[in-house]
Structure formats: C-alpha cells, structure tokens
Amino acid sequence: SRSRNYEIIRKNLPGILNSPPKPVTPLSNTHSRGCHKLEECVTAIISTHGRLDNVARQLKSIRDMGYTRLPVVIVNDHPPVSIETQHGLEFITKATSVQYIRCYGEGSGGKERLGVGRGRNIALDHVTTPYFLQLDDDFTFVESTNISLLFHLLTTTTATIVGGTVQKKPRFDGLLRYKEEGKTLFVLTGITYAANIEQSSNQWNQVDIVVNFFMGRTENIIRMGGWDNNQKHNEHEEFFIRVKAHNYGVVVCPKVKICHTRTGYVAELKQTQNLKSRDYFRRFLRSNGIIQYRQCIGSYKVDTPVCKKTIFHFSVNRASGSK
C-alpha cells in the first residue's frame, strides 16, 4: 500500500532536510542471510518515452557485461512505435527475462503520456524480487558498471538505496538542505555525512541523494509510495526528499559507474520536453512551498554543510538555466 504523506512532509520540510539521517550500519551475519544470487534477487526497471533503440542498446550492454539472466521490466509510455524504433522493439521483445509493457495514455483516453513518475511505479508494481535496479533509458553498462558491488552493499548494510555514479560526468550525489530565508532547497554535491567507511574492502559514503542509477529495497520504496504519479518530469528531488522523510539510508559507491549515452530527441522535440520539464519542476517546488532551488558544489564550514559554488539556479518566478 502506498502512502506518500505529502502534507506532513510539506509542513516539516526544514526539519526533514536539515536533520542528519539515521546512520547506515553493517548488518550482522544473521540479518544478512536471505537472497544471495543477484540475478535471482534483483529486477532492473526502465521507464522510457519511445526511445526503444536506446533501451535495446542498454539491454544489450547489460547482457554483454555478464548479467545474462537479470530480469528487466521496461515500461514504454508512448504511442505505437514508429519505423525508426521498430528495430529496438524487435530486439526487446525477443530478449529473454524481459517484460515489456506499453501504457501510453492509460486512464486519460489515450491522449496523454503518463510521465516518468507513473511509468516507474508501473514497473515497480511488476517487480517480484526483494531488490530492484533503477535505470534511465539512456544508460549503457560498461566495465565499471559493477552492480554486484551495489548488491553486496545493499544486502550487508541497513541501506535502502545504494547508488553509483555516471562516467565522465560531474558528481550529483550529495546532501539535501533547506534554508528558510529565501525558502531555498539546496542540493550540495560532492559532500557526504562522514569519511569513507571501509567494509569488505569496498568504500561507500552516506548521502541524501544519488543519480538515477541505484539499487533499492522494493518493499521500502513501495511502502513510501514510490514516485509521484503526478510528476511527469523532474521527479528526482521529490523522490529523495520522501526517502529522507522516511529515514531510509542512502549510500553512494563512487567506483561503480555507468555511461550516459547522448541520443534521443530531435531538436524541436527536445525543446518542447525542456519546457514541460521546467513546468513540472516549478510545480514540485511550489507544492512544497519552495521558491528557490540551488545545485551547488558543497563544502563544510566547521561541521555545517554549505554551498561553495552555485552551478545551477532555478526560481519558481524566473528560471535561469534549464532543468
């Protein structure tokens, strides 16, 4: 059963975001027993809006990297495929251990896309394993995409989410903070709650937010309500605010990397998507009483995390940059 508790979170946003989380700790040997084989315990979920060639490329890379039996649920929130994506659809439907779901306009007379939040929830509803792997549709597995390490950390610690990073991209993982003056939400990238913690020779850091490449506990994410069905674009920050509100531990393993493939929309469609994306991001901020959003390179001033340098700024009244 899903319970997002939006109103409770909205009223307590400063306390939620500015409080340290419950520390992630190793599980005892007794508690870590259970699922041991990754491909029997984890299901990958991918939500896409018609970019089936991208998804097929990712699926091939998953198999090429040795995860030959990893179950994958693909939700395509798009009208019937065009000739351009027919090859991708054929590859997907012929692949083993893959469930393909097309759900464009479900519940809206077939005239409107459901959006990324609803797409991910539909995929999560089809997961029968205790853990899931969240993937964007434009990722590609490479040699450093060692999801076995994510699985190991998830099954041997109290973490609910274990994330990786994106190859050759600035780090996005970090801390969430709220400043009442100016009603500003901060994402402070590159800083963590503590120095690296060594466990079984693998380094990981506790944070509040990671990129959309992470492994999670299915039961916990369903319990907190999954993603916001109404957030058709820019669902990311809203999701991790609720993760923190539920006191679920989030860690990042920097050595596990995935590749972001720059393919997809033509220029006109990309511009339209960017406009819609900004509208939905503005909706998310306003619904939580937030006026400003700042993504910063973070640092510590004594023991207080602060914004060292703003790299992106968005206002509900006037946007700079794009989101």
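The coordinates are above.
Note that this is a predicted model, so its numbers are computed, not measured. (Residues numbered from 1 in each chain as written. Predicted model: local features only at pLDDT ≥ 70, side-chain atom pairs only at ≥ 80, totals over all residues. Heavy atoms only, no water.)

Draft legend 1. Spatial organisation of the overall build of the protein. On a plain count of helices and strands, the protein comes out with 10 helices and 14 strands. Expressed as a percentage of its 323 residues, the buried residues of the protein come to 53%. At a minimum sequence separation of 6, the contacts of the protein that also span at least 24 residues come to 79%. Summed over all atoms, the accessible surface of the protein reaches about 14,900 Å², with 50% contributed by carbon and sulfur. (Helix = DSSP H or I, 4+ residues; strand = E, 2+ residues; numbered from the N terminus. Buried < 20%, exposed > 50% of the residue type's maximum accessible area, 1.4 Å probe, protein only. Contact = heavy atoms within 4.5 Å. Areas by Shrake-Rupley, 256 points an atom, 1.4 Å probe, with all protein chains shown as cover.)

Draft legend 2. Inspection of the pattern of salt bridges at higher detail. For the coordinates displayed, the defined rule picks out 14 salt bridges. A salt bridge links D138 to R51, with the shortest nitrogen-to-oxygen separation between them at 3.4 Å. Residue D138 is located in the loop between β4 (131-135) and β5 (139-140), and its partner R51 is located in the loop between β1 (42-48) and α4 (52-64); the two are separated by 87 residues in the primary sequence. Judged by its relative accessible area of 10%, D138 falls in the buried class. A network of salt bridges, in which partner residues are shared, links R51, D137 and D138. (Salt bridge = Lys/Arg side-chain N within 4 Å of Asp/Glu carboxyl O.)

Draft legend 3. Structural detail: α4. When the terminal C-alpha atoms of α4 are compared, their 18 Å separation across 13 residues agrees well with the 18 Å that a helix rising 1.5 Å per residue should span. Taken residue by residue, α4 has L52, N54, V55, A56, Q58, L59, S61, I62 and R63 as its buried positions. (Expected span 1.5 Å × (residues − 1).)

Draft legend 4. Main features of the state of the cysteines. In this structure the tally under the stated criterion is two disulfides. The disulfide that involves C35 links it to C41, with 2.2 Å between the sulfurs. The sign of the S-S torsion, about -100°, decides the handedness of the disulfide formed by C35 and C41: left-handed. Residue class for C41 comes out buried when judged on its relative accessible area of 1%. Across a sulfur-sulfur distance of 2.1 Å, C296 and C307 are joined as a disulfide pair. Note on the C296 and C307 pair: the S-S dihedral is about -85°, so by sign convention the disulfide is left-handed. Linking C296 in strand β13 (residues 292-301) with C307 in strand β14 (residues 304-315), this pair joins segments that are 11 residues apart in sequence. Taking only the cysteines that form disulfides and numbering them from first to last, the protein has the pattern 1-2, 3-4. (Disulfide = S-S within 2.5 Å.)

Draft legend 5. Representation of the nonpolar core within the structure. One finds L133, L135, I147, F213 and F240 to be the most contacted residues of the largest nonpolar core, which totals 82 residues. Among residues more than four places away in sequence, those in contact with L133 are V42, T43, A44, I45, F141, I147, L150, F213, F214 and M215. Core analysis: the second largest hydrophobic core is formed by five residues, F186, L188, I191 and C296 among them. (Core = buried A, V, L, I, M, F, W, Y, C linked by side-chain atoms within 4.5 Å.)

Draft legend 6. Quick peek at the packing of aromatic side chains. Scanning the entire structure with this criterion turns up 13 aromatic pairs. Between Y131 and F151, the aromatic rings sit 5.9 Å apart at their centres with planes inclined by 80°, giving edge-to-face as the arrangement. Here Y131, found in strand β4, pairs with F151, found in helix α7 (residues 147-156); they are 20 residues apart in sequence, far enough to count as distant. In this structure, Y131 and F151 share a single accessibility class: buried. (Phe/Tyr/Trp six-rings, centres within 6.5 Å; stacked < 30°, edge-to-face > 60°.)

Draft legend 7. Fine view of the environment of G163. Tracing the chain through its elements places G163 in strand β6 (residues 161-166). Separated by 91 residues in sequence, G163 and P254 have C-alpha atoms that sit 8.2 Å apart. When residues no more than four places from it in sequence are discounted, the contact partners of G163 are L150, V210, F213, F214, V251, V252 and C253.

Draft legend 8. Here's a closer look at the sheet that holds strand β8 (residues 184-189). Ordered by their spatial adjacency, four strands build an open sheet running β7-β8-β13-β14, and the pairing between neighbours is mixed. The strands lining the two open edges of the sheet, one partner per strand, are β7 (174-179) and β14. With strand direction ignored, the average angle separating the axes of adjacent strands in the sheet is 30°. Relative to β7, helix α9 (residues 236-245) is tilted by about 90°, and along the sheet it contacts β7, β8 and β13. (Pairing = 2+ DSSP bridges. Axes fitted to C-alpha atoms, helices over the stretch in contact; angles between N-to-C directions.)

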